[in-house]
Amino acid sequence: MDIILLGPPGAGKGTQAGLLENKFGMVQLSTGDMLRAAVKAGTEVGLKAKALMDAGELVPDEVVSGIIGDKLDELGSDQGVIFDGYPRTATQAVSLDEILAERGRKLDHVIELVVDEDALVVRITGRFTCGNCGEGYHDTFKQPAKADVCDVCGSSDFKRRPDDNEETVRTRMTEYRAKTQPILPIYEERGIVTKIDGMGSMDDVSQAIEAVLAQN
Ligand code: ADP
Ligand code: ADP
Ligand code: ZN
């Protein structure tokens with residue numbers, strides 16, 4: 001099964017993708033994570049992406065579609081994937097259709113996490129992750145059981161993203177409204193969109209997503 005998790009920055013896409021990976025063995029394909037890895041490695045893609053990411057602006061379509069195609073080629077054809085943060089523009093949505101068709105895949109569900117914008121700034125500015133294993137946390141909503149120690153791997157190397165500040169978040173939200181939300185009708189016409197209330201607890205949201213996946 002291949003699905004898209006759609007929602008503005010901080011909606012909970014990464015959190016829910018991680019839960020689906022653990023529970024169902026799906027693979028999360030996050031273009032944000034891939035771009036951050038490219039920036040860290042200093043690759044050509046990373047060099048192109050860094051300033052745009054720091055400003056909260058979108059990286060060119062052909063760059064992200066290229067890395068998504070490459071990643072899919074590393075996976076088995078029966079490996080279910082969760083697209084997290086991709087597609088983000090109409091051009092990317094068209095590319096994704098081509099990328100999937102070329103590989104004999106199809107989209108089963110597009111799940112939109114519907115959230116209250118004011119809550120997003122709180123979610124984003126409190127977000128941090130384990131630098132070792134990538135587990136996500138929040139200053140208020142998901143603290144490690146033992147202060148400063150990752151629940152999953154025991155590391156104390158926590159990280160915050162440079163773009164997780166209030167000013168950049170506002171730009172990212174504007175980009176979402178202007179370029180990403182308008183792609184929903186493409187999928188609505190196909191009857192594969194489900195809107196889920198993203199303001200509930202992480203457990204509530206994950207149960208709602210599982211109910212959608214259980215439909216087929
Ligand atoms: P969030 O999960 O908070 O919405 P991401 O990690 O998905 O943020 O993305 C961080 C940044 O990476 C974006 O602001 C943008 O600059 C870039 N980016 C990630 N995915 C895409 C994409 N599909 N198209 C263009 N830019 C992207
Ligand atoms: P996205 O990938 O959509 O940008 P994340 O999954 O990284 O969003 O979540 C953003 C922040 O909000 C993280 O710190 C995460 O721990 C927290 N968070 C995620 N889902 C919820 C939720 N349902 N309730 C409260 N906080 C949440
Ligand atoms: Zn960890």
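Residues numbered from 1 in each chain as written. Chains lettered and ligands numbered in written order. Predicted model: local features only at pLDDT ≥ 70, side-chain atom pairs only at ≥ 80, totals over all residues. Heavy atoms only, no water.

(A) View of the coordination of the zinc ion (ligand 3). Within the protein, the atoms that donate to the zinc ion (ligand 3) are Cys130 (SG), Cys133 (SG), Cys150 (SG) and Cys153 (SG), at distances of 2.3 Å. In this structure, the zinc ion (ligand 3) is surrounded by 4 donor atoms whose angles at the metal cover 101 to 115 degrees, and the resulting shape is tetrahedral. Each donor residue of the zinc ion (ligand 3) lies on the same chain, and together they follow the pattern C-x2-C-x16-C-x2-C. Separated by 20 residues along the polypeptide, Cys130 in strand E5 (residues 127–130) and Cys150 in the loop between strand E6 (136–138) and strand E7 (158–159) bring together distant segments of the chain. Per residue, the accessibility class of Cys130 equals that of Cys150, and both read buried. (Donors = N, O, S within 2.8 Å, 3.2 Å for Na, K, Ca; no water. Tetrahedral: all angles 85-135°; square planar, octahedral: opposite > 155°, others 65-115°. Helix = DSSP H or I, 4+ residues; strand = E, 2+ residues; numbered from the N terminus. Buried < 20%, exposed > 50% of the residue type's maximum accessible area, 1.4 Å probe, protein only.)

(B) Molecular detail of helix H9 (residues 202–213). When the terminal C-alpha atoms of H9 are compared, their 17 Å separation across 12 residues agrees well with the 16 Å that a helix rising 1.5 Å per residue should span. Along H9, the positions that sit buried rather than exposed are Val205, Ser206, Ile209, Val212 and Leu213. Looking straight down H9, one finds its buried side chains confined to an arc of 115 degrees; they lie on one side. With respect to the buried face of H9, the exposed residues turned more than 90 degrees away are Asp203 and Gln207. (Expected span 1.5 Å × (residues − 1). Arc of directions from axis to C-beta.)

(C) A look at the sheet that holds E7. Pairing is antiparallel across the open sheet formed by 3 strands, whose spatial order is E6-E5-E7. If you trace the sheet from one side to the other, it starts and ends with E6 and E7, each paired once. Here E5 pairs with E6 via 3 bridges, running antiparallel. By the bridge assignment, Arg127 is partnered in E6 with His138. (Pairing = 2+ DSSP bridges.)

(D) Representation of the sheet that holds strand E4 (residues 107–114) within the structure. If you trace the 5 strands from one edge of the open sheet to the other, you get E2-E3-E1-E4-E8, paired in parallel fashion. Each having just a single partner strand, strand E2 (27–30) and strand E8 (193–197) make up the two edges of the open sheet. Here the strands of the sheet are splayed against their neighbours by 25 degrees on average, with no regard to which way each runs. Here strand E1 (residues 2–6) runs beside E4; their pairing, made up of 5 bridges, is parallel. For Ile4, the partnering residue across the bridge sits in E4 and is Val110. Across the sheet, H9 lies against E1, E4 and E8, angled at about 155 degrees from E4, the strand it touches most. (Axes fitted to C-alpha atoms, helices over the stretch in contact; angles between N-to-C directions. Contact = heavy atoms within 4.5 Å.)

(E) Focus on the site of ligand 1. Ligand 1 sits among 19 residues. The nearest are Thr31, Arg36, Glu57, Gly85 and Arg172. Within the backbone of Glu57, a nitrogen or oxygen atom sits 2.6 Å from an oxygen atom of ligand 1. In the model, a nitrogen atom of ligand 1 is placed 2.9 Å from a nitrogen or oxygen of the Gln92 side chain. Taking 560 Å² as the accessible area of ligand 1 by itself, protein coverage stands at 97%. (Near = heavy atom within 4 Å. Polar contact = N/O pair within 3.5 Å; in protein donor to acceptor, adjacent residues only side chain to side chain. Areas by Shrake-Rupley, 256 points an atom, 1.4 Å probe, with all protein chains shown as cover.)

(F) Region of the structure containing the pattern of salt bridges. Under the criterion given, the structure shown has 22 salt bridges. The partner of Arg161 in a salt bridge is Asp163, and the shortest N-O contact between them spans 2.9 Å. The shortest N-O distance in the salt bridge between Arg172 and Asp163 comes to 3.7 Å. In this structure, Arg172 and Asp163 share a single accessibility class: buried. (Salt bridge = Lys/Arg side-chain N within 4 Å of Asp/Glu carboxyl O.)

(G) Here's a closer look at the packing of aromatic side chains. What the rule picks out here adds up to 4 aromatic pairs. Plain terms: the ring middles of Phe83 and Tyr86 are 6.4 Å apart, the flat faces sit at 50 degrees to each other, and that makes the pair tilted. Of the two residues, Phe83 and Tyr86, neither departs from the other in class, the shared state being buried. Centre to centre, the rings of Phe128 and Tyr137 are 5.6 Å apart; their planes meet at 20 degrees, and the pair counts as stacked. Here Phe128 falls in the buried class, since its relative accessible area comes to 10%. Since its relative accessible area comes to 4%, Tyr137 is described here as buried. Three or more aromatic residues joined by ring pairs form one cluster here, namely Phe128, Tyr137 and Phe158. (Phe/Tyr/Trp six-rings, centres within 6.5 Å; stacked < 30°, edge-to-face > 60°.)

By themselves, these observations are geometric and do not establish any function.
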